[in-house]
Every structure is written in C-alpha cells, then in structure tokens.
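Coordinate inspection notes
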Amino acid sequence: MPAHVDPRLLRAFVAVAEELHFTRAAARLHLAQQALSRDVRRLERELGAELFVRTTRQVTLTPDGERLLPYARRALRAQDDLLAAFGQARPLLVDLNSPGLATPRRVLHRARELAPAQELMARYESGLTGAAGELLAGRLDASFGRFAGLDPALRAGLAHQPVRYEPMAVVLPEDHRLAARARVPLAELAGETVYAGAGNARTPEWTGLARLLFEGRGVDIAPPAPLAVGEEEFQRLMARTRNPVLAVVGFPALPSTVVRPLVEPVPLSPVSLVWRKGLTHPAFDALRRAAALLSAEEGWLRRPAGGWIPAVDDVLMASHECHDSTRRAHRTCACATFDA
C-alpha cells in the first residue's frame with residue numbers, strides 16, 4: 001500500500017463512482033476524459049486493486065471499488081473541513097428567489113443540518129435571470145429556478161442539478177369565479193388575463209414558461225406592471241387588477257386570496273439548483289447533497305400522470321437524470337462529495 005494517496009486521485013475516483021460514467025465525471029471535474037482515466041488508472045496501480053469494471057456500454061464498481069468509496073468520501077470531507085478551518089471560509093450565499101417559495105428554502109434548511117459547522121446565508125434575487133449575473137460575477141454562489149429559461153450565453157458559464165418538477169397553480173381573489181374549485185383545469189382560464197411577471201427583468205424565465213403554457217389556450221398574459229415588493233403591495237395590486245397570478249402549489253396564500261393547483265394537464269415548473277462552473281466551497285457539497293436527498297425522499301423528480309413541461313426543459317432536465325433513478329438517488333445521497 002502507498003504511504004500517501006493524492007486527494008486529486010480520490011476525487012477522480014469518487015466522481016466516476018457516483019456518475020458511473022467517465023464522460024459525465026470528467027465534465028463534473030472540468031477535466032479531459034483522458035486525464036480522468038489516467039488518474040483512475042494511477043490510483044488503481046497505487047492501491048494494487050481494480051476499482052471499476054469498464055465495458056463499452058457501462059461502468060460499474062468492483063468489490064474493491066465499493067469498499068474504497070466510503071473511505072474516499074470521508075478523506076475528502078476531512079480535507080475540505082481542514083482547509084475551511086484554516087482558510088476561514090466565507091459564507092455560502094444561496095439565493096432562494098423569494099421568501100414564499102418552499103423548495104429552495106427546504107433545500108437550504110437541510111443543507112444547514114448536513115453541515116452545521118458551515119455558514120449558509122440566504123439571499124433573495126426574485127428570479128433566476130436576476131441571480132445569474134450575480135452568480136457569474138462571484139457575488140452569489142447558488143440559486144434555484146428554470147435553467148432552460150436562461151439565455152444560452154448565461155447558461156454557458158453555469159451548471160445545474162435538477163431538483164424538482166414543481167406543480168403549478170394560480171393565486172385567485174377569494175371571490176373569483178374559479179376560487180370555489182379545488183383544482184382549476186387550464187381550459188377554465190380561457191378568457192382570463194394572468195399575471196406572470198411580464199416586464200420584470202429578473203424573471204423572464206418564468207414569463208417564458210407561462211407563454212409556452214398558455215399558447216393556444218386562450219389565456220392572455222398581463223402586461224408589464226410595476227414590481228410589487230412585499231406582501232402588502234402584492235395584495236394591493238392584486239385587489240386592483242383582480243388578475244389571477246401564476247404561481248406554484250407551495251406558494252403561501254395571502255389574506256383575501258386562495259391558491260388553486262392547475263390540472264388537465266398538470267403544468268410543471270422545472271426547478272434546478274444552479275451555480276457557476278468551477279465553484280468550490282466547503283458548504284457547497286452539503287447544498288448539493290441536500291437537494292439530492294430531498295428529491296429522492298419526496299419524489300420531486302417523478303412526473304405526475306399528465307404532467308406538462310416544455311420540450312426544451314425536458315431535454316435539459318433529462319440530460320442530468322440517471323436512467324436508473326433509484327440507483328442514482330442511493331448513490332448520490334449517501335454523503336457523497338461533489339465537485340463543481
């Protein structure tokens with residue numbers, strides 16, 4: 001056995017063990033696939049053990065690879081903790097979009113439980129487009145939202161991890177004609193003008209999702225309006241316009257309003273955890289693990305029967321999902337170490 005194992009080799013091994021795919025692991029570590037393969041072969045030589053069975057169709061862990069994986073994860077976490085302790089790591093700045101959105105908040109709370117020694121600070125940038133510039137500038141570390149809705153030039157510098165297909169809803173005045181319905185079929189919105197953030201420079205990804213959803217259904221999107229900041233202003237404008245507001249099922253009901261799920265079909269808002277490529281921070285691992293744990297526990301990435309998402313979102317979300325979701329959830333959630 002070697003007297004010392006280079007942590008870089010362990011990171012290469014863990015990435016391949018979690019992805020079970022050399023190309024995806026290389027992209028995750030921002031390495032050439034040839035360099036990653038070289039590191040894995042070097043680790044196998046130093047340990048005197050074959051760690052993976054490689055075929056043209058799949059990569060699997062050998063018994064020695066299975067045995068090494070928990071030790072490698074612990075070693076890498078210990079190294080990250082040591083560097084953080086002496087480097088006085090700054091807080092990880094996590095954008096939750098707005099205080100009313102439950103999914104990002106739950107991920108952040110779970111990450112704090114997983115990494116109690118780390119500081120994870122919430123920020124509120126309203127929308128993913130608004131957060132993207134802050135991410136790329138290094139003034140923000142992570143955000144949540146519809147990755148496919150970003151301009152391709154922004155996406156090029158960012159990475160994402162699918163978290164949830166979140167069912168969508170409408171917020172209605174409590175005396176609206178549809179307020180008595182437990183669920184609102186999309187066809188019932190025909191003739192309505194629905195507010196979906198048009199004109200808000202921080203949330204065009206949400207307005208774009210609404211346009212795709214309402215296309216051909218006889219639903220108009222409300223024209224741009226001044227951005228309502230705070231519950232009181234939101235209620236005031238809603239009372240004045242009486243327009244339904246497009247939201248998600250977890251959106252908190254405000255006084256004099258009701259939240260009703262949309263059905264027939266069930267429209268889904270694709271939510272990803274988003275960060276700038278190359279991000280390193282000792283708390284970032286916990287944030288990604290928290291997202292993976294909740295996705296697996298709550299079935300957030302299982303689409304309901306009749307679920308609807310745009311084709312462009314389907315492609316980007318599916319490209320990051322494993323064909324064997326159960327195996328991936330188990331592999332990802334078992335205190336894995338992620339490298340951006």
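Residues numbered from 1 in each chain as written. Predicted model: local features only at pLDDT ≥ 70, side-chain atom pairs only at ≥ 80, totals over all residues. Heavy atoms only, no water.

Describing helix 1 (residues 7–19)
Under the 1.5 Å per step criterion, the end-to-end length of helix 1 is 18 Å for 13 residues, consistent within 8% with the ideal 18 Å. Most of helix 1 sits inside the fold, with eleven of its 13 residues counted as buried. Listing the buried residues of helix 1 in full gives Leu9, Leu10, Arg11, Ala12, Phe13, Val14, Ala15, Val16, Ala17, Glu18 and Glu19. Looking at where helix 1 begins, the residue whose side-chain oxygen comes 2.9 Å from the main-chain nitrogen of Arg8 is Asp6. After helix 1 finishes, the residue Leu20 shows a positive phi value of roughly 50°. (Helix = DSSP H or I, 4+ residues; strand = E, 2+ residues; numbered from the N terminus. Expected span 1.5 Å × (residues − 1). Buried < 20%, exposed > 50% of the residue type's maximum accessible area, 1.4 Å probe, protein only. Polar contact = N/O pair within 3.5 Å; in protein donor to acceptor, adjacent residues only side chain to side chain.)

Observations concerning the packing of aromatic side chains
This model, assessed by the stated rule, comprises three aromatic pairs. When the centroid spacing of 5.1 Å and the interplanar angle of 65° are considered together, the rings of Trp275 and Phe284 count as edge-to-face. With respect to class, Trp275 is no different from Phe284; both count as buried. Taken together, the ring pairs in this structure connect Phe13, Phe22 and Phe52 into an aromatic cluster. Sitting over the face of the ring of Tyr71, Arg74 holds its NZ or CZ atom 4.9 Å from the ring centroid. (Phe/Tyr/Trp six-rings, centres within 6.5 Å; stacked < 30°, edge-to-face > 60°. Lys NZ or Arg CZ within 6 Å of the ring centre and 35° of its normal.)

Things to note about the packing of helix 5 (residues 102–114) against helix 10 (residues 284–298)
Across the interface, helix 5 lies against helix 10 with an axial gap of 8 Å and an inter-helix angle of 120°. When the interaxial angle is binned, helix 5 and helix 10 end up oblique. Considering only the axes of helix 5 and helix 10, their crossing is right-handed. Residues Arg106, Val107, Leu108, Arg110, Ala111 and Leu114 of helix 5 form the contact with helix 10, whose participating residues are Ala286, Leu287, Arg289, Ala290, Ala291, Leu293, Leu294, Glu297 and Glu298. The residue makeup of the contact of helix 5 with helix 10, split by class, is ten nonpolar, no polar and five charged. (Axes fitted to C-alpha atoms, helices over the stretch in contact; angles between N-to-C directions. Parallel < 35°, antiparallel > 145°, perpendicular 65-115°, else oblique. Left-handed = near helix turned anticlockwise from the far one by under 90°. Contact = heavy atoms within 4.5 Å. Nonpolar A, V, L, I, M, F, W, Y, C, P; charged D, E, K, R; others polar.)

By themselves these figures say nothing about function.
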